[in-house]
Amino acid sequence: MGYRVAVVGATGNVGREMLAILAEREFPMDEVAAVASSRSHGSEVELGDTGKMLKCKNIEHFDWSGWDIALFACGSEATKIHAPKAAAAGCVVIDNSSLYRMDPDVPLIVPEVNPDAIDGYTKKNIIANPNCSTAQMVVALKPLHDAATIKRVVVSTYQSVSGAGKAGMDELFEQSRAIFVGDPVEPRKFTKQIAFNVIPHIDDFMDDGSTKEEWKMVVETKKILDPKVKVQATCVRVPVFVGHSEAISIEFEKEISAKEAQDILREAPGLMLVDKREDEGYVTPVECAGDGATYISRVREDPTVDSGLVLWCVSDNLRKGAALNAVQIAELLGRRHLKKG
Ligand code: 2RA
């Protein structure tokens, strides 16, 4: 016996990945529904590459009764309206938007990092999925925190345009083409030209001069990993289609060498260490796209602090940063709470 699972926002970048990952990981499902806004009414999406086509159901008329799990990937506005309805009908919502992440009654889960926190989901029947840039970073930080206690993290991100949805990917493609053929370049989704450029601005500006994307990395890391860890983030959009990269400087309470860190990271769940200190001995976003692992390269000691390391962290933002993490949460929920069969 399997679950009845709804994927909400099924036609978007993350929704499609959720369907693909449910199929790839053979998540036990008796029924799967592709749910979308009225704009996608009548369209079809494939369940991964199984050949099984799902006709999109209109979220406005969707009856939540009898559904076990809903993976939401439809943005905060629609989530605000529909997630409470699903939750009230007894369907556990796993939400990819930022709406519930900092709600004290909603667990914010990365299964490799804080699986036990999932037990609090019953307060609202909702579990939050973190921001993509936070998810990959905390997977990398967790085993190092366990070994040497992290005091402070300084991170610069290099975030791909798929983090801004299909419109972001289309804009990079169209601007690159326009530049080659001499057409004018018009920013729409992004605030400045993204093709052949980098933009130090993701999400809205806040009063202190940081952006909301940077704030999310600070507060979500504290909620998932440890409230005592200090985080300073600079988030940058780069002209890469898929895969977020991060340069992370970490200051520790205890001594830890680069060699010790490499040995720990090599064995840690969800991580792949590729760190050869030679040409091609590191991972870039192009190689990690379509993959579930978070890749770590360039581990080295930071001589400017008493105990510090610097490393390079790359992951597919649509997978570990969104869809894969959501499906892993569903698997964890199944193992601990919603047992079937
Ligand atoms: C971005 N973090 O890359 C966002 C997506 N969740 O824009």
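Everything numeric in this text was worked out from a predicted model, so none of it was measured.

Trainee: What exactly am I supposed to notice about the overall build of the protein chain here?
Mentor: The secondary structure content of the protein chain amounts to 8 helices and 14 strands. Here the protein chain has a C-alpha radius of gyration of 20 Å; the compact-globule value for 341 residues is 20 Å, and the two agree. With the principal axes as the frame, the protein chain shows a C-alpha extent of 60 × 55 × 40 Å. Considering the protein chain as a whole, with its 341 residues, one finds that 46% of them fall into the buried category. Intrachain contacts of the protein chain at a sequence separation of at least 6 include 67% that bridge at least 24 residues.

Trainee: Where do I start with the UniProt feature "active site" (unreviewed entry) in the protein chain in this structure?
Mentor: Under the UniProt annotation, "active site" (unreviewed entry) lies at Cys132 and His244. Of the residues just listed, which span 113 residues, no C-alpha pair is farther apart than 8.1 Å, and they cluster in one region. If you trace the backbone, Cys132 turns up in helix α3 (residues 132-148). You can call Cys132 buried: it has 27 C-beta atoms within 10 Å. With sequence-adjacent residues up to four places away left out, Cys132 is seen in contact with Gly163, His244, Asn317, Gly321 and Ala322. As for its placement among the helices and strands, His244 is situated in strand β11 (residues 244-252). For His244, the residues in contact, after removing those within four places along its chain, are Cys132, Ser133, Gln136, Thr157, Tyr158, Gln159, Ser160, Gly163, Ser315, Asn317 and Gly321.

Trainee: How should I be thinking about the site of the ligand in this particular structure?
Mentor: Asn131, Cys132, Ser133, Gln159, Gly163, Ala164, Ile202 and Glu213 make up every residue found near the ligand. Looking at side-chain class alone, the shell around the ligand contains 3 nonpolar, 4 polar and 1 charged residues.

Trainee: Help me understand the domain arrangement of the protein chain, please; the structure alone is not making it clear to me.
Mentor: The accessible area lost on association of the parts is a frequent measure of interface size. What the domain assignment lists for the protein chain is domain 1 (3-130 + 322-336) and domain 2 (133-316). Centre-to-centre, using C-alpha coordinates, domain 1 lies 25 Å away from domain 2. Each partner contributes to the interface: domain 1 provides 13 residues, whereas domain 2 provides 17 residues. Here the side of domain 1 that touches domain 2 is built from residues that sort into 6 nonpolar, 5 polar and 2 charged.

Trainee: What is the right way to look at the UniProt feature "domain: Semialdehyde dehydrogenase NAD-binding" (unreviewed entry) in the protein chain in this model?
Mentor: According to UniProt, the feature "domain: Semialdehyde dehydrogenase NAD-binding" (unreviewed entry) maps to residues 4-121 in the numbering used here. Span residues 4-121 is 21% helix and 25% strand, its end C-alpha atoms 18 Å apart.

Trainee: Just to check I follow, could you spell out helix α8 (residues 319-336) for this structure?
Mentor: Since one α-helical turn is 3.6 residues long, residues separated by three or four positions face the same way. In α8, a bend of some 40° at Asn325 exceeds every other bend along the element. Buried residues dominate α8, accounting for 13 of its 18 residues.

Trainee: Just checking my understanding: could you explain helix α4 (residues 166-181) for this structure?
Mentor: For α4, with 16 residues, the first-to-last C-alpha span of 23 Å sits near the 22 Å given by 1.5 Å per residue. By the burial criterion, the buried members of α4 are Gly168, Glu171, Leu172 and Gln175. Buried positions in α4, seen along its axis, are confined to an arc of 100° and lie on one side of it. In α4, the exposed residues that point more than 90 degrees away from the buried face are Arg177, Phe180 and Val181.

Trainee: Got a minute to help me understand the packing of α3 against α8 in this structure?
Mentor: Between two packed helices, both the angle of their axes relative to each other and the distance between the axes serve to describe the pair. Running from amino to carboxyl end, α3 crosses α8 at an angle of 85°, the nearest separation of the two axes being 8 Å. Put simply, α3 runs roughly perpendicular to α8. In this structure, α3 contributes Cys132, Ala135, Gln136 and Val139 to the contact, and α8 contributes Lys320, Gly321, Ala322 and Asn325. Its residues assigned to classes, the contact of α3 with α8 shows 4 nonpolar, 3 polar and 1 charged.

Trainee: How do you make sense of the sheet that holds strand β12 (residues 271-273) when you look at a structure like this?
Mentor: Taken in spatial order, the 6 strands line up as β10-β9-β11-β14-β13-β12 in an open sheet, and their pairing is mixed. Every other strand in the sheet has two partners, leaving β10 (230-234) and β12 as the edge strands with one partner each. Along the sheet, successive strands turn relative to each other by an average axial angle of 25°, direction set aside. Relative to β11, strand β9 (residues 150-158) is paired through 8 bridges, and the arrangement is antiparallel. Residue Arg152 lies in a different strand from β11, and its bridge partner there is Glu251.

Trainee: It is not clear to me how the sheet that holds strand β1 (residues 3-8) should be interpreted in this structure. Could you clarify?
Mentor: With respect to topology, 6 strands assemble into an open sheet ordered β5-β2-β1-β6-β7-β8, the strand pairing being parallel. Either end of the sheet is taken by a strand with one partner, and the two such strands are β5 (57-58) and β8 (126-128). Sheet analysis places strand β2 (residues 29-36) next to β5, joined by 2 bridges and oriented parallel. Note that in β5 the partner of Val35 across the bridge is Lys57. Its contacts with the sheet put helix α1 (residues 13-24) on β1, β2 and β6 (69-72), and the angle it makes with β1 is roughly 155°. Packed on one face of the sheet, helix α2 (residues 76-88) meets β1, β6, β7 (92-95) and β8 and runs near 150° to β7.

What counts and how
Residues numbered from 1 in each chain as written. Predicted model: local features only at pLDDT ≥ 70, side-chain atom pairs only at ≥ 80, totals over all residues. Helix = DSSP H or I, 4+ residues; strand = E, 2+ residues; numbered from the N terminus. Rg over C-alpha atoms; globule rule 2.2 N^0.38 Å. Buried ≥ 20, exposed ≤ 12 C-beta atoms within 10 Å, placed from the backbone. Contact = placed C-beta atoms within 7 Å. UniProt positions renumbered as here; feature names shortened; annotations may be inferred. Near = placed C-beta within 6 Å. Nonpolar A, V, L, I, M, F, W, Y, C, P; charged D, E, K, R; others polar. Domains from an automatic or database assignment. Bend = angle between axes of the 7 residues up to and from the residue. Expected span 1.5 Å × (residues − 1). Arc of directions from axis to C-beta. Axes fitted to C-alpha atoms, helices over the stretch in contact; angles between N-to-C directions. Parallel < 35°, antiparallel > 145°, perpendicular 65-115°, else oblique. Pairing = 2+ DSSP bridges.

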